[in-house]
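Below are the chains, spelled out letter by letter.
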Amino acid sequence: MDFLTGRVAVVTGAGSGIGAALSIELARHGCRIVLADISPAYLDAQLERVRAEGAEVMAERTDVTDLQSVESLATAIEQRFGAVHVVCNNAGVLATGPLLATPADAWRRVIDVNFWGVVNGIRTFVPRLMRQGDGGYVLNSASLAGLQGVSELGVYSASKFAVVGLSEALYQEMKPYGIGVGVLCPMVVRTKIADHAGKTSGEDASDVLDHAPRLRRGSIKTPEFVAAQAVRAILANRFYIFTHDEEREILRERAERFERACDWLNESKAALPINETEVANL
Ligand SMILES: NC(=O)c1ccc[n+]([C@@H]2O[C@H](COP(=O)([O-])OP(=O)(O)OC[C@H]3O[C@@H](n4cnc5c(N)ncnc54)[C@H](O)[C@@H]3O)[C@@H](O)[C@H]2O)c1
């Protein structure tokens, strides 16, 4: 028995990849599972897989970009299970390529799913968690690309930085209510996200690694590994959830760049003194 036993967990983007693996891992920890995905075919297949784990499970076709669709999901969960305790805002799409070559509709699609999808999940489920007064946990799927801009993944990075930022705020705001918040930040995971990216950008499906040279430094994890790590983090009530050893070095280098920028602030002020009082009075 742990925090997850008998709890109701909803996973968006549960039909494929990390979401599918999360739903299985949560089922193995004794959760009742709600699968939400835009693809009915993926949902049907995943429903059978979770059932085979012996878990109570329901599936609901949901478009996370549409607040009403997410509200309908919540109503269906209330009718079936009466409550929800773990909310995994996981659905996401990829767009690759240089920023300037990205068509506006691809920008909108990525922001709609990756950012508004998470916002809609929060606006729908967090008030319910607060009303229940029984704790809970919100897991938002971001990426290491939400902590480090990656060339040719700029649109995706922008959407994931937004997810990290709002998750940091939500973490602080939910603390008094005993509701945990976590942000999942993997590097490359072996899923169908690159195949699905073709549909997003209107271009051919492309290999993420071709588009993001920095990520080549990292290993490629399975969705099962990432899901197991995410569930360990839920149980330990952790916030930042990393999955690849290589992330430490990339984040350390980033922190060092911030440090150097602060050093330069001091050096430049010393070289070219500005009367700060005068500036403040302008
Ligand atoms: N695969 C990676 O390398 C990687 C790395 C870091 C972060 N992530 C993030 O992990 C999450 C899961 O990605 P994945 O790799 O498992 O991708 P995936 O493409 O295998 O699965 C995504 C699922 O989301 C569903 N989906 C897409 N749009 C939706 C919508 N509007 N409403 C509801 N469902 C929708 C798809 O049908 C699919 O089943 C995403 O947020 C992704 O950005 C993935």
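About the thresholds
- Residues numbered from 1 in each chain as written.
- Predicted model: local features only at pLDDT ≥ 70, side-chain atom pairs only at ≥ 80, totals over all residues.
- Pairing = 2+ DSSP bridges.
- Helix = DSSP H or I, 4+ residues; strand = E, 2+ residues; numbered from the N terminus.
- Contact = placed C-beta atoms within 7 Å.
- Axes fitted to C-alpha atoms, helices over the stretch in contact; angles between N-to-C directions.
- Expected span 1.5 Å × (residues − 1).
- Buried ≥ 20, exposed ≤ 12 C-beta atoms within 10 Å, placed from the backbone.
- Arc of directions from axis to C-beta.
- Core = buried A, V, L, I, M, F, W, Y, C linked by C-beta atoms within 7 Å.

Draft legend 1. The sheet that holds strand E3 (residues 57-61), seen in detail. Pairing is parallel in the open sheet, where 7 strands are placed in the order E3-E2-E1-E4-E5-E6-E7. Since the sheet does not close on itself, it has two edges, and those belong to E3 and strand E7 (240-241), each with one partner. Sheet analysis places strand E1 (residues 8-12) next to strand E2 (residues 32-37), joined by 5 bridges and oriented parallel. Bridge pairing links Val11 to Leu35 in E2. Here helix H1 (residues 17-28) sits on the sheet and contacts E1, E2, strand E4 (86-89) and strand E5 (137-141); the angle it forms with E1, its principal contact strand, is near 170°.

Draft legend 2. Focus on helix H2 (residues 40-52). A rise of 1.5 Å per residue sets the reference length of H2, with its 13 residues, at 18 Å; its end C-alpha atoms lie 19 Å apart and thus fit the reference within 8%. Where H2 is concerned, the buried positions are Tyr42, Gln46 and Val50. For H2, the angular spread of the buried residues around the axis is 60°, confining them to a single face. For H2, the exposed residues set more than 90 degrees away from the buried face come down to Pro40, Ala41, Asp44, Glu48 and Ala52. Against H1, E2 and E3 lie the buried residues of H2. The positive-phi residue at the C-terminal boundary of H2 is Gly54, with phi of around 85°.

Draft legend 3. Fine view of H1. The end-to-end C-alpha separation of H1 is 17 Å, in line with the 16 Å expected for 12 residues at 1.5 Å each. Restricting attention to buried positions, one finds in H1 the residues Gly17, Ile18, Gly19, Ala20, Ala21, Leu22, Ser23, Ile24, Glu25, Leu26 and Ala27. Remark: Gly30 follows H1 within two positions and exhibits a positive phi of approximately 90°.

Draft legend 4. Spotlight on the nonpolar core. In terms of nonpolar packing, the biggest core is built from 72 residues, with Ala9, Val10, Leu26, Ile33, Val34, Leu35 and Ala230 touching the most fellow members. Of all the elements, helix H4 (residues 104-132) adds the most residues to this core, at 8 residues. If we skip the residues at most four places from it in the chain, Leu35 touches Val11, Ala14, Gly15, Ser23, Leu43, Gln46, Leu47, Val50, Val57 and Ala59.

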